[in-house]
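An overview of the molecular structure
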Amino acid sequence: MKEFNRTTVTSALPYANGPVHIGHLAGVYVPADIYVRYLRLKGEEVLFVGGSDEHGVPITIKAKKEGVTPQDIVNRYHTIIKKSFEDFGISFDVYSRTTSPTHKELASDIFKTIYEKGGFIEQSSEQYYDEKVQQFLADRYITGKCPHCGNENAYGDQCESCGTSLNPTDLINPKSAISGSVPVMRETKHWYLPLDQHEAWLRKWILEDHKEWKPNVYGQCKSWLDMGLQPRAVSRDLDWGIPVPVEGAEGKVLYVWFDAPIGYISNTKELLPDSWEKWWKAEDTRLLHFIGKDNIVFHCIVFPAMLKAEGSYILPENVPANEFLNLEGDKISTSRNWAVWLHEYLEDFPGKQDVLRYVLTANAPETKDNDFTWKDFQARNNSELVAIYGNFINRALVLTHKFFDGKVPALGELTDYDKQTLEEFVHVKTDVEKLLDNFRFRDAQKEAMNLARIGNKYLADTEPWKVAKTDMERVATIMHLSLQIAANLAIAFEPFLPFSSEKLRCMLNLNSFDWKQLGHTNLLKTGDQLGTPELLFEKIEDITIEVQVQKLLDTKKANEAAAWKANSVKPNISFEDFQKIDIRVGTVLDCQKVPKADKLLQFRIADGIEERTILSGIAAYYPNPEELIGAQVCFIANFEPRKLRGIFSEGMILSAEDADGKLVLIQPKSTVSNGAEVK
RNA sequence: GGCGGGAUAGCUCAGAUGGUUAGAGCGUCGGAUUCAUAACCCGGAGGUCACGAGUUCAACUCUCGUUCCCGCUACCA
């Protein structure tokens, strides 16, 4: 077992083309933050690095769409993202960005070093080029007709209609997704990192030396290694990014995947210009990458290969990747606005950062994709944070104020039951530690919560409010111990719920604490004056949750409307065909629901000659049919009569079907004679 | 299509190397209690462990097949 003296913790760099949401928090930043806070509390040397990933094609596309520069886009989102992390107490030592000068310099240096060592191969190939916007097109930005299923909107890498993987050259009638113009083939040269040459040591390093990695991480790496590694491009033709720092590379930038992870290092360097190297090059430094499952191969294979090729860096000791968090049963999606955005959450739930941190940890996607629901959020707040933790603290403080004027009472003789309780909560410390050391944050938090359960049980069993009538000394001991448990809770929850721990610390008038004190009963001294008791957590009412659920339902509706596309036009018909249809205007004389039929309305229509009855299946959209009386509608007059629900319908009333399936009557703009023909 | 991960109580999830009655929290039902944000505390009910075969004295656990969800598939980032 290797000996480590310090730990470098990185968390995946969020891509700066949108704000961050609960999925980011649950998968990466909360677990990383818990771990880092835990190490800090233990007094270990630790550095927590984050930053925004600001290069790459999607940002340039977004900028073009909005008519601003890529720098404008990343400035906007970097600011929002950074603030969200600060607000949620994600305790980065540094949060910088890949557009920083330090990063540009370091990324260039690393590229150059590998280049000079002959660590890249150069290769030319033909690629699609958009002459209108003068840039090469990534596969994703070429669309055309799928050769397999005929879908007109297949992407250059895959047809989403039939699922087939494609090459851009497979597409029939390719078009640039950026400008819509027809792309041409053009030769271009790129640098590749020959991963195949790194395969042997990667295989040993991962498959033999790191069997302790999580199954999802280990499994995916094994899968890649078994398939055989291929050279991977590290440059691309683009004007947004870090220029490839060698001759003959005009117009080429580092591929964003190459540049982004170096951001971990350059952000460290920006913070510690003189001492950054020990965090990245010293053998006694333990490097950990917190990421989501979509990043596994990159952090376990590609980035290590880059670092090895450079030659002077250490490799990650573990990569605790999480699965994904879903929202109310659906995949979280930035583009579909299916997310709970952190900055919006704080507007709706000011001061409730810890509640979200708690819920996301309690239901963290550690072994498989999990689901976030608002109902669960409410339940965890009300029946765990409020009822178990908050309630215990409140009981302990209120009782102390009631019986001892808010001063820590003296500890008397311990009963066997007292000792038994103390023993239980000493266990909590070792259990939480063991779980945190293994990145099992969900269970660790549950174990911390057990401390509050122990406290509640202790009060219920010792019943100080009863004993107070006969034996105040005994009450003093009970409250003394209860307050010590409360102080322990502040420590145990600090990594998970930093804001609440701080609040509790103030209520208890504790100066400071560290992890070593956990499990001890001398955190508070007899006679210490406690602060004013406040509620640690508040109940969340049904109405609050309903508002959030409604917000999501609205989003869903808006998405459906946005996704709606008009049906393609039917084959042409002749004028003679059209003439066969006799469409007329008539006035509604009477209109009512057909009994025992959900959808049908029965119309009595004046058609200019006589009256006729027509049935129409629009009842759901006209809940008050009598309001239609007097209105003019269009109908097909020569439709074969048809019996519906025992009634003859003599024609068909015309409606337009909206995106959501809603039917809307077609009516003339101004009143016309009954029987007027529609031509 | 190929590969990887997953499918376990009403809900959200745990279940090293196969071994007697499969666990937790919430919810639910019953009891006790009143210091506390109608909260806490005690107890009960609830599962052919996705489906179908196979290996084994023994399978939630191993093998094969099927279905569904998620991810990766090397120029989406």
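Values in this document were obtained by computation on a predicted structure and should not be read as measured data.

Quick notes on the domain arrangement of chain A
In terms of domains, chain A is made up of domain 1 (1-98 + 260-290 + 323-371), domain 2 (388-517) and domain 3 (575-665). Summarising the inter-unit geometry, the C-alpha centres of domain 2 and domain 3 are found 72 Å apart.

Concerning the sheet that holds strand 20 (residues 611-616)
With respect to topology, five strands assemble into an open sheet ordered 20-19-18-21-24, the strand pairing being antiparallel. Of all the strands in the sheet, the pair left with one neighbour each is strand 20 and strand 24 (652-653). Here strand 21 (residues 632-636) pairs with strand 24 via two bridges, running antiparallel. When the bridges of strand 24 are listed, Ile636 appears paired with Met652.

Describing the packing of aromatic side chains
This structure, assessed with the given rule, holds 37 aromatic pairs. A centroid spacing of 6.0 Å and a plane angle of 80° characterise the contact between Phe290 and Phe439, whose relative ring orientation is edge-to-face. Taken together, the positions of Phe290 in strand 13 (residues 285-292) and Phe439 in the loop between helix 13 (416-437) and helix 14 (441-462) put the pair 149 residues apart, joining distant regions of the chain. Note on Phe290: relative accessible area 1%, which makes it buried. Ring geometry for Tyr345 and Phe377: centres 6.0 Å apart, planes at 90°, overall edge-to-face. Taken together, the residues span a long stretch of sequence, with Tyr345 in helix 10 (residues 342-348) and Phe377 in helix 12 (residues 374-404) at a distance of 32 residues. A single burial state applies to Tyr345 and to Phe377, both of which are buried. Aromatic ring contacts, followed pair by pair, group Tyr35, Tyr38, Phe290, Phe439, Phe441 and Trp515 into a single cluster. Note that Arg186 overlies the ring of Tyr129, its terminal NZ or CZ placed 3.9 Å from the centroid. Just above the ring of Phe324 sits the side chain of Lys293; from NZ or CZ to the centre is 5.2 Å.

A closer look at a nonpolar patch on the surface
Taken together, Ile573, Phe575 and Phe578 make up a surface patch of nonpolar side chains, about 310 Å² in accessible area. Relative accessible area serves as the criterion here: at 53%, Phe575 is assigned to the exposed category.

What to know about the protein's contact with RNA strand B
Close to RNA strand B lie 61 residues; Gln127, Ser223, Asn363, Thr367 and Arg395 are nearest. What you see for RNA strand B is that sugar and phosphate hold 72% of its atoms within 4 Å of the protein. In this structure, Trp224 approaches RNA strand B through a side-chain N or O atom, which is 3.1 Å from a sugar or linking oxygen. Interatomic distance of 3.2 Å between a side-chain N/O atom of Trp257 and a base nitrogen of RNA strand B. Residues that form the surface near RNA strand B fall into these classes: 22 nonpolar, 17 polar and 22 charged.

So, the environment of Lys419
Relative to the helices and strands, Lys419 resides in helix 13. Once the C-alpha coordinates of Lys419 and Pro304 are considered, the two residues, 115 residues apart in sequence, prove to be 51 Å apart.

Things to note about the packing of helix 13 against helix 16 (residues 472-492)
When two helices pack together, you describe them by how their axes are tilted relative to each other and by the distance separating the axes. For the pair helix 13 and helix 16, the least separation of the axes is 12 Å and the interaxial angle reads 0°. Considering their axes alone, helix 13 and helix 16 lie roughly parallel with respect to each other. The residues of helix 16 that touch helix 13, namely those facing Asp418, Thr421, Leu422 and Phe425, are Arg474, Thr477, Leu481, Ile485 and Asn488.

Remarks on the sheet that holds strand 9 (residues 184-193)
Pairing is antiparallel across the open sheet formed by four strands, whose spatial order is 5-4-9-10. Looking at strand neighbours, the two that pair on one side only are strand 5 (135-136) and strand 10 (232-233), the edges of this open sheet. Two strands pair when backbone bridges link them, and strand 4 (residues 121-130) and strand 9 are joined in this way by nine bridges, in the antiparallel orientation. Bridged to Ile121 within strand 9 is Tyr192.

Side note on helix 11 (residues 353-362)
The periodicity of an α-helix, 3.6 residues per turn, causes residues three or four positions apart to be oriented the same way. Burial analysis of helix 11 places ten of its ten residues in the buried class, the great majority of the element. Buried within helix 11 are the following residues: Gln353, Asp354, Val355, Leu356, Arg357, Tyr358, Val359, Leu360, Thr361 and Ala362.

Reading guide: rules and limits
Residues numbered from 1 in each chain as written. Chains lettered and ligands numbered in written order. Predicted model: local features only at pLDDT ≥ 70, side-chain atom pairs only at ≥ 80, totals over all residues. Heavy atoms only, no water. Domains from an automatic or database assignment. Pairing = 2+ DSSP bridges. Helix = DSSP H or I, 4+ residues; strand = E, 2+ residues; numbered from the N terminus. Phe/Tyr/Trp six-rings, centres within 6.5 Å; stacked < 30°, edge-to-face > 60°. Buried < 20%, exposed > 50% of the residue type's maximum accessible area, 1.4 Å probe, protein only. Lys NZ or Arg CZ within 6 Å of the ring centre and 35° of its normal. Patch = residues over 30% accessible without salt bridge, like charges linked within 9 Å, V, L, I, M, F, W, Y side chains within 5 Å. Areas by Shrake-Rupley, 256 points an atom, 1.4 Å probe, with all protein chains shown as cover. Salt bridge = Lys/Arg side-chain N within 4 Å of Asp/Glu carboxyl O. Near = heavy atom within 4 Å. Polar contact = N/O pair within 3.5 Å; in protein donor to acceptor, adjacent residues only side chain to side chain. Nonpolar A, V, L, I, M, F, W, Y, C, P; charged D, E, K, R; others polar. Axes fitted to C-alpha atoms, helices over the stretch in contact; angles between N-to-C directions. Parallel < 35°, antiparallel > 145°, perpendicular 65-115°, else oblique. Contact = heavy atoms within 4.5 Å.

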